Structures are given as structure tokens and as C-alpha cells.
Amino acid sequence: LCIVQDDPSFQRQQIDIMDWIYNRSVFTIVAGAGDHVDSGLPGVSIWLRDVKQQRIKIQDFEVNNTLPRLKDTVEKSVWNKRGWTYQERMFSHRCVFLTEAQAYFACSQGVQYEIKPNLETRYIERFKPGIHPQPFVEQYSKYVTDYTLRSLTQPADILRAFQGFMNEMERTSGQE
């Protein structure tokens, strides 16, 4: 659920526990397309998906184009460049990505596609960057490096949006 924006007290309380919310969610719905909050969700709102898998048969061969992999789709998305979504990506254990091409379900076991690839072209795709045990300084450096490549509408939010990683590091390392 989105955080209520017109109640500063409630908003602050929810932002302060974003890492906890994503870590404990059953799944997270990700708007993996569009470039602003009013874009809608492909395949759910009036925004219909126009990417189709085309198949033709030439003699005894069936030829079809491939749909984009989740990793490629997400890496190029505006969602992946926003500062506030970094916690969403790193802490969510299961995600439903709604993209222009199709819907994907991703978890630590792999990725399921709305439109299944042919058995001959099937491959296993893993998509769970998540939190990996590393020495404290290395982990901190990685998060800071990754996070500072993202953009925030309000630059003053940078520390608050990063706080979830500090919370997680404190919990997992026992260091403050």
C-alpha cells in the first residue's frame, strides 16, 4: 500500500519502518513501467500492453520473437532509478512486476512469466538481489554506492530513504 502523503505524522512513522514492512510482506506489487505516479499499471488500468509474442511457422520450424527478461526490463525502468524504491527492491522477498511487456512473479526460487517461453527456449532466471552477508564496511559501501546512483524528487529525503539499510545492517551485524 502507498504511504498516506497528507498526514506528516503517519507518513514519518511509515517511512521509518519501510524496511520492516517490505521484509515482512507476503509480496510486493511493483509498477515496473511508466515514468510518474499517474502512469497507471500496464494490463490493469486503461494502459493496455501492446507487446505480443509473434509466432510463425516456416515448413517444420516454428519461429518466435522473445519477450524481454525481467532483469533487462527492470534495469531500464524508472522504478529502478528512484531512491525510495531501493528498499522495495532489496527487502521484498516476492514481487509481482507489472511491465509493458508482461507480468512477472519473482522470488528467490526464480521468475515466473505471464507468457511462458517455449520449452526449447526456456531458461532459469534468478532475480533477488537482497541482503547478502558481507563484512560491515563492504556491505555499507555497496549500499551507499548503489543508492547514490538513484534519484529523489526531494534531495533532502536522501538520509531518510536510506535509513532502512542502516536499520537492517544494525539488526544483522549487531553494530550501530
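Nothing here was measured: the structure is a model prediction, and the numbers come from that model. Once a new chain begins, its residue numbering starts again from 1 and follows that chain's sequence as written. Restriction of local features to residues with pLDDT of at least 70 applies here, the model being predicted, together with a cutoff of 80 or more for giving and counting side-chain atom pairs; totals for whole chains, interfaces and linings are based on all residues. The side-chain values count all of the structure's non-hydrogen atoms but skip hydrogen atoms and water molecules.

**Student:** Explain the overall build of the protein here, please?
**Tutor:** Secondary structure follows DSSP: runs of H or I at least 4 residues long count as helices, runs of E at least 2 residues long count as strands, and numbering of each begins at the N terminus. If you tally the helices and strands in the protein, you get 6 helices and 6 strands. N-terminal to C-terminal, the α/β element order of the protein is α-α-β-β-β-α-α-β-β-β-α-α. Burial status across the protein gives 35% buried among its 176 residues. Working rule for contacts: check all heavy atoms of both residues, and any pair within 4.5 Å makes them a contact. Contacts in the protein between residues at least 24 apart in sequence constitute 60% of all its contacts with a sequence separation of at least 6. Of the roughly 11600 Å² that the protein leaves accessible, carbon and sulfur atoms contribute 56%. For each residue, the accessible area found with a 1.4 Å probe, counting protein chains only, is set against the maximum for its type, and the residue is called buried under 20%, exposed over 50%, and partly exposed in between. Computed with a 1.4 Å probe, the accessible areas rest on the Shrake-Rupley method; for each residue, only the protein chains presented here act as cover.

**Student:** How should I be thinking about the sheet that holds strand β6 (residues 110-113) in this particular structure?
**Tutor:** Remark on secondary structure: sheet strands pair via backbone hydrogen bonds, oriented parallel or antiparallel. For two strands to be treated as a pair, DSSP must find at least two bridges joining them. Here we have 4 strands laid out as an open sheet, ordered β1-β4-β5-β6, and mixed in their pairing. On the outer flanks of this sheet lie β1 (28-31) and β6, each paired with one strand and no other. Across this sheet, the average inter-strand angle for adjacent strands is 20°, counted without regard to direction. To get an axis, fit a line to the C-alpha atoms, keeping to the stretch in contact for a helix; angles then go from 0 to 180 degrees between the N-to-C directions.

**Student:** Any chance you could explain the layout of surface pockets here in plain terms?
**Tutor:** Rolled over the atoms, a probe as big as a water molecule pinpoints where empty space is left. Its volume calculated, the largest pocket comes out at about 1500 Å³. Whether a set of points on the 1 Å grid over the protein atoms alone is a cavity depends on a 1.4 Å probe fitting there but being unable to get out, while an open set qualifies as a pocket with protein on both sides within 12 Å along at least five of seven lines; lining residues are those with an atom within 4 Å of a point. Lining of the largest pocket is provided by 40 residues; of these, Cys-2, Ile-3, Tyr-22, Arg-82 and Glu-88 occupy positions nearest its centre. Counting only elements with at least two residues in the lining of the largest pocket, the list comes to α1 (8-15), α2 (18-24), β1 and α4 (85-91). Side-chain classes are defined by residue name, with Ala, Val, Leu, Ile, Met, Phe, Trp, Tyr, Cys and Pro counting as nonpolar, Asp, Glu, Lys and Arg as charged, and the others, Gly among them, as polar. Here the lining of the largest pocket is composed, by residue class, of 19 nonpolar, 16 polar and 5 charged. Grid points are joined across faces, edges and corners, and a volume is the space filled by probe spheres set on the points.

**Student:** Got a minute to help me understand the pattern of salt bridges in this structure?
**Tutor:** Between side chains of opposite charge, a pair can form as their charged atoms come close. In the sections that follow, a salt bridge refers to a side-chain nitrogen of Lys or Arg positioned within 4 Å of a carboxyl oxygen of Asp or Glu. Applying the stated criterion to the full structure yields 6 salt bridges. Arg-171 is paired through a salt bridge with Asp-19; the nearest N and O atoms lie 2.6 Å apart. In this pair, Arg-171 is assigned in helix α6 (residues 158-173) and Asp-19 in helix α2, connecting sequence segments 152 residues apart. Overall, Arg-171 belongs to the partly exposed group, its relative accessible area being 45%. The class for Asp-19 is buried, based on a relative accessible area of 2%. Salt bridges sharing partners connect three or more residues here, namely Asp-19, Glu-168 and Arg-171.

**Student:** I would appreciate a short explanation of the nonpolar core in the present structure.
**Tutor:** The nonpolar side chains of a soluble globular protein tend to be buried with one another. The term nonpolar core refers to a set of buried residues drawn from Ala, Val, Leu, Ile, Met, Phe, Trp, Tyr and Cys, joined through side-chain atoms within 4.5 Å. Of all hydrophobic cores here, the largest spans 14 residues; its most connected members are Trp-84, Tyr-86, Tyr-143, Tyr-147 and Phe-165. Only α2, α4, α5 (136-148) and α6 provide two or more residues apiece to this core. Take this core: its biggest share by element is 4 residues, from α6. Among the nonpolar cores identified, the runner-up in size contains 11 residues, and Leu-70, Ala-101, Val-111 and Tyr-113 belong to it.

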